[in-house]
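An overview of the molecular structure
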Amino acid sequence: MKNLKHTLFVAMAVSIMSILSCSKDDDGGSAGNTGEGTITATVNGQQFTTLEITSAANTATGGGNVTLVLQGNTASQGVGMIINGYTGVGTYELSDSNIFTTANYVEPNASDPLNTQIWNAPYQDSGVVGEINVAEDANGRVKGTFNYTAKNQNDGSVKTISDGSFDLAKTEN
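With that settled, consider the environment of Asn-152. Within the secondary structure layout, Asn-152 lies in strand β10 (residues 141–152). Separated by 46 residues in sequence, Asn-152 and Val-106 place their C-alpha atoms 9.6 Å apart. Once residues within four sequence positions are removed from consideration, Asn-152 is found in contact with Gln-117, Ile-118, Trp-119 and Ser-157. Looking at Asn-152, its side chain comes within polar contact range of the side chain of Gln-117, at 2.8 Å.

In structure tokens, the structure reads:
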């Protein structure tokens, strides 16, 4: 009987330690390291930071579902992410089996808009190509990290968007 009590005590102590040691990474990762009001990422090895004036997060509710839209750009680059069925802090996978979460990378062509290049994730037969991690959603702000591989349907080229993070004011509609 003494051994059983000791075993139960040890099991309970281990369980409590496990619960107390859980971090936010289990629920959506860290908030990233971008400046307030911007989105940062590395695109094929090159650093990219959006302009605060062109960066935003919006939620819209319709039919009982919430959609979160994250977007930002510079004069020569842009990123956008959409999470349909948004439920708050958590990890949202980008895969061809989950078409409700999408991301893109854009290189606009202001002099010839029809020649703007867009890379999308996921894409046909892509499997899992990345994820969006929402670490915080409180006080009118949404923060998190992301990474994905996107494909241009025009020429088949691929862009790797890594080390992404966002810290954006959020508007609710």
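Take the pairing of strand β5 (residues 78–84) next. Burial analysis of β5 places five of its seven residues in the buried class, the great majority of the element. For strand β4 (residues 65–73) and β5, the ladder comprises seven bridges, and the chain directions are antiparallel. Counted as the bridge partner of Asn-73 is Gly-78 from β5. Remark: four residues form the turn of the hairpin made by β4 and β5, two consecutive strands paired antiparallel. Alignment of β5 against strand β7 (residues 101–107), held across six bridges, turns out to be antiparallel. Considered in β7, the bridge of Ile-82 is made with Thr-102.

Moving on, we get to the pattern of salt bridges. What the rule picks out here adds up to five salt bridges. Ionic pairing is found between Glu-107 and Lys-159, a salt bridge with its closest N-O pair at 3.4 Å. On the criterion of sequence distance, the pair formed by Glu-107 in strand β7 and Lys-159 in strand β11 (residues 158–172) is long-range, its members being 52 residues apart. On the basis of relative accessibility, which here comes to 27%, the residue Glu-107 falls in the partly exposed class. In this structure, the salt-bridge partner of Asp-137 is Lys-170, at a minimum N-O distance of 2.6 Å. On the criterion of sequence distance, the pair formed by Asp-137 in strand β9 (residues 128–138) and Lys-170 in strand β11 is long-range, its members being 33 residues apart. Overall, the relative accessible area of 26% leaves Asp-137 in the partly exposed class.

About the criteria used
- Residues numbered from 1 in each chain as written.
- Predicted model: local features only at pLDDT ≥ 70, side-chain atom pairs only at ≥ 80, totals over all residues.
- Heavy atoms only, no water.
- Helix = DSSP H or I, 4+ residues; strand = E, 2+ residues; numbered from the N terminus.
- Contact = heavy atoms within 4.5 Å.
- Polar contact = N/O pair within 3.5 Å; in protein donor to acceptor, adjacent residues only side chain to side chain.
- Buried < 20%, exposed > 50% of the residue type's maximum accessible area, 1.4 Å probe, protein only.
- Pairing = 2+ DSSP bridges.
- Salt bridge = Lys/Arg side-chain N within 4 Å of Asp/Glu carboxyl O.

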